[in-house]
Amino acid sequence: MTHPFLDLAPLGADRFAAIEDRVARLLGTEQDVVIMQGEALLPLEGAIRAAAGPGTTALNVITGPYGQTFGDWLRDCGATVVDLAVPFHTAVTAEQIRQAFAEHPEIDFVSLVHAEAATGNTNPVAEIGEVVRAHGALFHLDAVASIGAEPVLPDAWGVDLCVIGAQKAMGGPAGVSAVSVSERAWARMAANPRAPRRSYLSLLDWKERWIDGGRRALPHAPAQLEMLGLEACVERIEAVGPDAVMARHACAAAATRAGAVALGGGLEPYVYEARDAAPVATTLRAPSGVVASELVARALQADPAVPLAAGGGALAKEMIRVNHYGADATPGAVRAGLAALGAALSEAGLSVDVAGALRAAEEAWR
């Protein structure tokens, strides 16, 4: 019995390397790109554990839950960590980074999340990169949510370790990810005696066994379906054009924000300023007296496929997230999300204007 997902010809080293090259072109980078066979937490943790250790002083920027996780990893590596936490309803600024360097000139590593899909904010990496480069610190960036939805330019921004995943704006599978690595980052890893070796987390193993070997023999059997999925979603972005894909995400964000404001019922944008709002997800503050997770559950009863979610952890009481990335960065998905929220708010006894919300969304989509 055959199936199109089964009995495939082996994925060879040449094909694997060609997919890496396409990812590098998407990032506009001349750095080495390593595609890792797992969800993006794999290279995120691997990069931190390889480049940080005792003697490292890391500036860990927290604009959402992933920043908190990275701080835990850095401390576990033995690094001294300076946390720069900003409210989740805003973004960090280059001036705040500059001030942190002034107060802690020993900082030699910076960890930042570009877009926090979980909290709906995005950070100005280009401006921050100038400050980090001037200070000389190594720059680690989580661009998992932002790639495909907004520019991600590790070379232009001075990013030494840029991690991406396929599962959000790229519209691909979750089980494969990639990291671009600068020469400075490779040197930092090589000098770190606690960098993972002979480990699934090890970037240095990939360098020695794959890159330094001319990318002729894979270190282990590739995750074939995920690699083919990654190749397909990069091919789709290339065919449409990255600018068009990013424009679609920007339109989805603008339409969702405008529609939510027009909907009423006490909904408010969670991220105060539109310039700080991520193009992959719009977060909303639930009306006073309404539990966000209960409202979302009510909204999903009619159609569980509507791209709505409550905030994670403590945010489940107050935050609603409207996802509009990948296949959901469309007018139809935005309309469905707004209509479902309107119906749930109405059931809760709140006054809403669904027709007005849909009109506002349509007008904002341009």
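Just so it is clear, the model here is predicted, and its values are computed rather than measured.

Closest axis-to-axis distance for the helix H4 (residues 94–103)/helix H5 (residues 125–135) pair is 8 Å, and the angle between their directions is 20 degrees. Between H4 and H5, the angle falls in the class roughly parallel. For the pair H4 and H5, the crossing hand works out as right-handed. Together, Ala94, Ile97, Arg98 and Phe101 of H4 and Glu127, Ile128, Val131, Val132 and His135 of H5 make up the contact between the two elements.

Positive phi values are uncommon outside glycine, yet Arg198 reaches one of about 50 degrees. Looking at the secondary structure, you find Arg198 in the loop between helix H7 (183–190) and helix H8 (203–211). One non-glycine residue, Arg215, adopts positive backbone phi at about 55 degrees. Turning to its location among the elements, Arg215 is positioned in the loop between H8 and helix H9 (224–240).

A word on the packing of aromatic side chains. In total, this model carries three aromatic pairs according to the counting rule given. Geometrically, the ring pair formed by Phe16 and Trp210 is edge-to-face, given 5.5 Å between the ring centres and 80 degrees between the ring planes. Of this pair, Phe16 sits in helix H1 (residues 13–27) while Trp210 sits in helix H8; the two residues are 194 residues apart in sequence, bridging distant segments of the chain. A connected cluster of aromatic rings, assembled from ring pairs, spans Phe16, Trp206 and Trp210. Looking at Lys207, its charged tip hangs above the ring of Trp186, at a distance of 5.6 Å from the centre.

Further remarks concern the nonpolar core. Note that soluble globular proteins tend to have their nonpolar side chains buried in a common cluster. Among the nonpolar cores identified, the biggest contains 82 residues, and Leu59, Ile97 and Leu230 are the most heavily contacted of them. Here this core takes eight residues from H1, the largest share from any one element. Sequence-distant contacts of Leu59, defined by excluding residues within four places in its chain, comprise Val82, Leu84, Ile97, Ala100, Phe101, Ile107, Phe109, Val110 and Ser111. The next biggest cluster of nonpolar side chains, apart from the first, holds 26 residues, and it includes Leu338, Leu345, Ala357 and Ala364.

Let's shift gears to the sheet that holds strand E2 (residues 57–62). Read from one edge to the other, the open sheet built from seven strands follows the order E1-E9-E8-E7-E4-E2-E3, with strand pairing classed as mixed. Of all strands in the sheet, those bounded by a partner on one side alone are strand E1 (32–36) and strand E3 (80–85). On average, each strand axis in the sheet is inclined to that of its neighbour by 15 degrees, with strand direction left out of account. Across three bridges, the pairing between E2 and strand E4 (residues 109–113) is parallel. Residue pairing for E4: Ala58 is matched across the bridge by Phe109.

Once that is clear, we can look at the pattern of salt bridges. Counting across every chain of the model gives 16 salt bridges. One salt bridge in this structure joins Arg298 and Glu347, with 3.8 Å as the shortest N-O distance. Placement of Arg298 in helix H11 (residues 292–302) and of Glu347 in helix H12 (residues 331–347) is noted, with a sequence separation of 49 residues between them. We classify Arg298 as partly exposed; its relative accessible area is 28%. According to the relative accessible area criterion, Glu347 is exposed, its value standing at 56%. Residues participating in the shared-partner salt-bridge network are Glu20, Asp21 and Arg215.

Where H7 contacts H8, the axes come no closer than 10 Å and their chain directions differ by 110 degrees. In this view, H7 runs roughly perpendicular relative to H8, as classed from their interaxial angle. The crossing of H7 and H8 is left-handed. Between H7, through Trp186, Met189 and Ala190, and H8, the contact on the second element is made entirely by Leu203, Leu204, Lys207 and Ile211. Of the residues in the contact of H7 with H8, the class split is six nonpolar, no polar and one charged.

Here is what the cut-offs are and how they apply
- Residues numbered from 1 in each chain as written.
- Predicted model: local features only at pLDDT ≥ 70, side-chain atom pairs only at ≥ 80, totals over all residues.
- Heavy atoms only, no water.
- Axes fitted to C-alpha atoms, helices over the stretch in contact; angles between N-to-C directions.
- Helix = DSSP H or I, 4+ residues; strand = E, 2+ residues; numbered from the N terminus.
- Parallel < 35°, antiparallel > 145°, perpendicular 65-115°, else oblique.
- Left-handed = near helix turned anticlockwise from the far one by under 90°.
- Contact = heavy atoms within 4.5 Å.
- Phe/Tyr/Trp six-rings, centres within 6.5 Å; stacked < 30°, edge-to-face > 60°.
- Lys NZ or Arg CZ within 6 Å of the ring centre and 35° of its normal.
- Core = buried A, V, L, I, M, F, W, Y, C linked by side-chain atoms within 4.5 Å.
- Buried < 20%, exposed > 50% of the residue type's maximum accessible area, 1.4 Å probe, protein only.
- Pairing = 2+ DSSP bridges.
- Salt bridge = Lys/Arg side-chain N within 4 Å of Asp/Glu carboxyl O.
- Nonpolar A, V, L, I, M, F, W, Y, C, P; charged D, E, K, R; others polar.

Fair warning: the whole summary comes from geometry, so function is off the table for now.
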